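Given next are the chains, with one letter for each unit.
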Amino acid sequence: MVGLAVLHLNEERVEEALAMLKRAYELEPYNPCVLNHLANHYFYRAQYDKALTLANRAYSHSDAKAIKAESCYHIARAYHAQSNYQSALTYYSEAVRHNPEYVAPQFGLGQMHMVNSEYKQARICFERTLKAQPTNTDALKVLGSLYRREGRVADALTALTTASEHAPGDAAVWLELAQLQQMREGQLQAALKAYEKAAGILRVPPSVVPPELWSNLGAIRHRLGKESSDPAYRQSKLKSAEEAYGYSIKSAMSVHGVGEFDASCLTTQYNLAKLHEDRGDLDTAEEKYKAILLHHPSYPDCFLRLAACAQLRGDLHEAVGWATKELYLHPKRPEAFCALGNIYLALDDLKHADQQFKAVFERAEEEGPNGKVVQCKRDSYATGQLAWIQLLLAQQGAPPTASLLKACSSASGVERVDKATQMYMRMLRDEPSNLYAANGLGVIFVARGRLNEARSVFTQVREASPDCRVASFNLAQLNDALGEHATAVSLYDSLLKKARGTGSSNADILKLLLLRARSHFSAGKMSDCKATLYDAVRLVPTSHEAWHNLGLALIEAARHPDGPDAPPRTVAEVKHAQVDARDAAVL
């Protein structure tokens with residue numbers, strides 16, 4: 001009769017199976033197999049007291065270890081469902097003791113170990129479950145989480161990838177996988193696909209995509225767009241990020257019944273404002289930041305972002321005002337001191353810049369690794385900026401056209417270069433892989449006339465981090481100084497492509513164009529030099545430096561269009577040179 005009941009259950013004929021089991025119980029009320037099947041039935045009907053009674057009776061009237069293990073499993077499940085975790089742990093353990101090959105209690109035992117924060121024991125249980133059932137997606141998901149906790153990122157990624165293959169419709173698997181990939185370098189695109197897969201699953205009714213998922217989608221698209229040097233890809237990603245942020249805010253308002261500037265929407269609103277800033281839409285960005293401050297007057301970073309927007313617009317004194325307000329609200333925040341210091345650097349106010357960066361060591365605090373507040377006694381960013389200020393002070397009083405070596409050759413200049421060297425060396429001792437400290441040492445080598453060593457340093461920094469534009473910029477200038485103009489132009493071209501693709505300011509692009517033109521001028525490539533300078537004046541028509549340089553280039557082009565060693569010119573070329581000379585005279 002038990003066998004027939006099992007067959008009926010397999011065919012989902014539950015009522016017939018239950019009738020058969022009840023009849024078997026009437027005939028033999030102490031049969032452990034009948035009792036276990038009934039206990040299982042009442043467990044799924046949430047009648048846990050009945051399930052416990054029947055399973056305990058089955059355990060008492062059986063001598064077979066396999067049957068006792070099954071009875072213990074039913075008892076453990078009932079206690080587990082009633083949140084009696086200690087009793088559940090005891091009976092899951094008993095089930096495993098009676099029958100170590102019984103897989104079901106291994107999973108429950110792992111869950112109880114997790115409740116008790118015994119993660120190593122939990123992992124062992126789930127690994128045993130997976131060994132017996134390689135396609136058990138629940139075990140794979142939990143193991144992915146446990147491996148991640150242990151720092152075994154590769155194993156976690158393997159477990160979650162396998163889980164996604166066996167359960168492609170499980171949104172939780174894709175979310176866990178996305179979060180893991182988001183942490184790994186170079187896996188941002190894969191994380192985006194995983195988030196999009198989860199969102200696609202949850203968009204099917206009656207499920208709802210949570211606002212947090214939309215926000216994560218927006219953040220990844222935003223970052224991918226911001227980091228891309230391809231203008232079309234950048235705009236596409238930033239647009240889709242804006243849409244995701246909008247969905248997140250609307251979803252939060254709908255699900256939680258809150259306003260658009262409620263605390264649950266605040267991070268997304270800030271990210272949306274930052275997106276407008278990164279896209280160069282400073283007016284909209286400033287409106288968003290101010291709207292956030294209207295509802296949350298002390299929200300961190302908004303004042304600093306407003307300072308950054310003012311700085312991008314060229315209003316450095318307004319930028320000082322916003323950064324000062326941030327310091328007033330958060331007087332121990334290192335980011336505020338550094339932001340204000342950088343604005344003073346842009347104003348060429350080295351004294352006040354120096355004071356702000358030193359204040360990081362003296363007054364700033366941040367949360368340490370153990371969660372305790374600690375003082376920023378060895379802040380690497382502030383140290384690097386202080387070293388840079390020493391290099392700038394070392395050049396004070398020198399003519400603008402002087403090389404870095406000559407500008408730093410005075411007694412006070414040498415002393416300041418030595419101070420900067422000590423600071424960069426300290427940074428490297430604390431953080432051996434700090435590329436900006438290495439780049440700073442490269443500048444020190446230039447200041448001391450050790451140009452080949454400087455080039456080696458800049459090249460290594462650039463190879464280690466192709467996105468480190470400072471190193472590429474320094475390397476380009478150094479190659480130009482060493483007479484390797486073609487290499488310098490190639491580096492400037494790369495920097496210009498990135499600057500245009502990532503929405504850099506016109507002032508930054510103009511600076512690169514002028515340096516590129518200088519390299520062409522030094523190489524005698526006057527046609528290329530003129531073309532570059534025409535680009536510069538079209539970009540910033542009010543730049544006196546660009547117009548002046550264009551005039552000099554036109555004069556030189558009239559004399560030597562392709563260098564002094566070029567072959568004799570044709571009549572047409574001579575006429576063109578005369579036009580260049582007239583234009584130069586006008587300029």
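From a predicted model like this one, the values you see are computed outputs, not experimental measurements.

Trainee: Is there a simple way to think about the packing of helix H15 (residues 263-278) against helix H17 (residues 302-312) in this case?
Mentor: Packed helices, taken two at a time, are described by the angle their axes make and the gap between the axes. Viewed as axis vectors pointing N to C, H15 and H17 meet at an angle of 10°, and their least axial separation amounts to 11 Å. Classified by the angle between their axes, H15 and H17 sit roughly parallel to one another. Of H17, the residues touching H15 (which contributes Tyr270, Lys274 and Glu277) are Cys302, Arg305, Ala308, Cys309 and Leu312. In terms of residue class, the contact of H15 with H17 is built from 5 nonpolar, no polar and 3 charged.

Trainee: Please clarify how the environment of Pro300 should be interpreted in this entry.
Mentor: Position of Pro300 relative to the elements: it lies in the loop between helix H16 (282-295) and H17. Relative accessible area serves as the criterion here: at 39%, Pro300 is assigned to the partly exposed category. Distance from Pro300 to Glu326, taken between C-alpha atoms, is 7.8 Å for residues 26 residues apart in sequence.

Trainee: Explain a nonpolar patch on the surface here, please?
Mentor: On the surface, a cluster of nonpolar side chains totalling about 240 Å² of accessible area is made up of Phe521, Leu552 and Ile555. By the secondary structure assignment, Leu552 is in helix H30 (residues 544-559).

Trainee: What exactly am I supposed to notice about the nonpolar core here?
Mentor: Most often, soluble globular proteins have nonpolar side chains that are buried together. By size, the foremost hydrophobic cluster in this structure holds 94 residues, and its most contacted members are Tyr289, Phe357 and Tyr424. Tallying contributions element by element places helix H24 (residues 435-447) first for this core, with 8 residues. Setting aside chain neighbours within four positions, we find Tyr289 in contact with Tyr270, Ala273, Lys274, Glu277, Cys302, Arg305, Leu306 and Cys309.

Trainee: Any chance you could explain helix H6 (residues 85-98) here in plain terms?
Mentor: If you check H6, its first and last C-alpha atoms are 20 Å apart, about what 14 residues at 1.5 Å a residue would give, namely 20 Å. Ala88, Leu89, Tyr92, Ala95, Val96 and His98 are the residues of H6 that are buried. Among the structural elements, helix H4 (48-60), helix H5 (65-81) and helix H7 (103-115) are those in contact with the buried residues of H6.

Trainee: How should I be thinking about the packing of aromatic side chains in this particular structure?
Mentor: One pair of aromatic rings is described through two measures. These are the centre distance and the angle between the planes. Within this structure, the stated rule accounts for 9 aromatic pairs. Judged by centre distance (4.8 Å) and plane angle (45°), the rings of Trp214 and Tyr247 are tilted. Taken together, the residues span a long stretch of sequence, with Trp214 in helix H13 (residues 211-227) and Tyr247 in helix H14 (residues 231-256) at a distance of 33 residues. A relative accessible area of 9% means that Trp214 is categorised as buried. Seen from their ring centres, Tyr270 and Tyr289 are 5.8 Å apart, and the 50° between their planes marks the pair as tilted. Highlighted residues: Tyr270 in helix H15 and Tyr289 in helix H16, separated in sequence by 19 residues. Using a relative accessible area of 12% as the deciding quantity, one classes Tyr270 as buried. For Tyr289, a relative accessible area of 0% corresponds to the buried category. Through successive ring pairs, a cluster of aromatic residues spans Tyr73, Tyr92 and Tyr102. Above the plane of the ring of Tyr59 lies Lys68, whose end atom (NZ or CZ) is 3.9 Å from the centre. Over the ring of Trp322 we find Lys325, and its NZ or CZ is 4.6 Å from the ring centre.

The rules we used
Each chain carries its own residue numbering, running from 1 in the direction its sequence is written. Side-chain atom pairs in this predicted model are given and counted only at pLDDT of 80 or more, local residue features only at pLDDT of at least 70, and totals for whole chains, interfaces and linings cover all residues. Calculation of side-chain values draws on the structure's entire complement of heavy atoms; hydrogens and water are dropped beforehand. Lines fitted to the C-alpha atoms define the axes, with helices restricted to the stretch that makes contact. Angles between their N-to-C directions range from 0 to 180 degrees. Each helix corresponds to a stretch of at least 4 residues labelled H or I by DSSP, and each strand to a stretch of at least 2 residues labelled E; elements are numbered beginning at the N terminus. When an angle is under 35 degrees it counts as roughly parallel; over 145 it counts as roughly antiparallel; between 65 and 115 it counts as roughly perpendicular; any other value is oblique. Only heavy atoms matter for contacts: two residues are in contact if any of them lie within 4.5 Å across the pair. Residue classes follow a fixed rule: Ala, Val, Leu, Ile, Met, Phe, Trp, Tyr, Cys and Pro count as nonpolar, while Asp, Glu, Lys and Arg count as charged, and any other residue, Gly among them, counts as polar. Here's how the labels work: a residue is buried when its accessible area is under 20% of the maximum for its type, exposed when over 50%, partly exposed in between, all with a 1.4 Å probe on protein chains only. Only residues whose relative accessible area exceeds 30% and that take part in no salt bridge are eligible for patches, with like-charged residues grouped when within 9 Å of each other and nonpolar side chains (Val, Leu, Ile, Met, Phe, Trp, Tyr) grouped when within 5 Å. Values of accessible area rely on a 1.4 Å probe in the Shrake-Rupley scheme; residue burial ignores everything except the protein chains shown. Each reported salt bridge corresponds to a side-chain nitrogen of Lys or Arg within 4 Å of a carboxyl oxygen of Asp or Glu. By nonpolar core is meant a set of buried Ala, Val, Leu, Ile, Met, Phe, Trp, Tyr and Cys residues that side-chain atoms within 4.5 Å join together. A helix is expected to reach a length of 1.5 Å times the quantity of its residues less one. Aromatic pairs are defined between Phe, Tyr and Trp rings, using the six-membered ring for Trp, whenever the two ring centres lie within 6.5 Å; interplanar angles under 30 degrees are classed as stacked, those over 60 as edge-to-face, and all others as tilted. Two thresholds decide whether a charge sits over a ring: the Lys NZ or Arg CZ must be within 6 Å of the ring centre and within 35 degrees of the ring normal.

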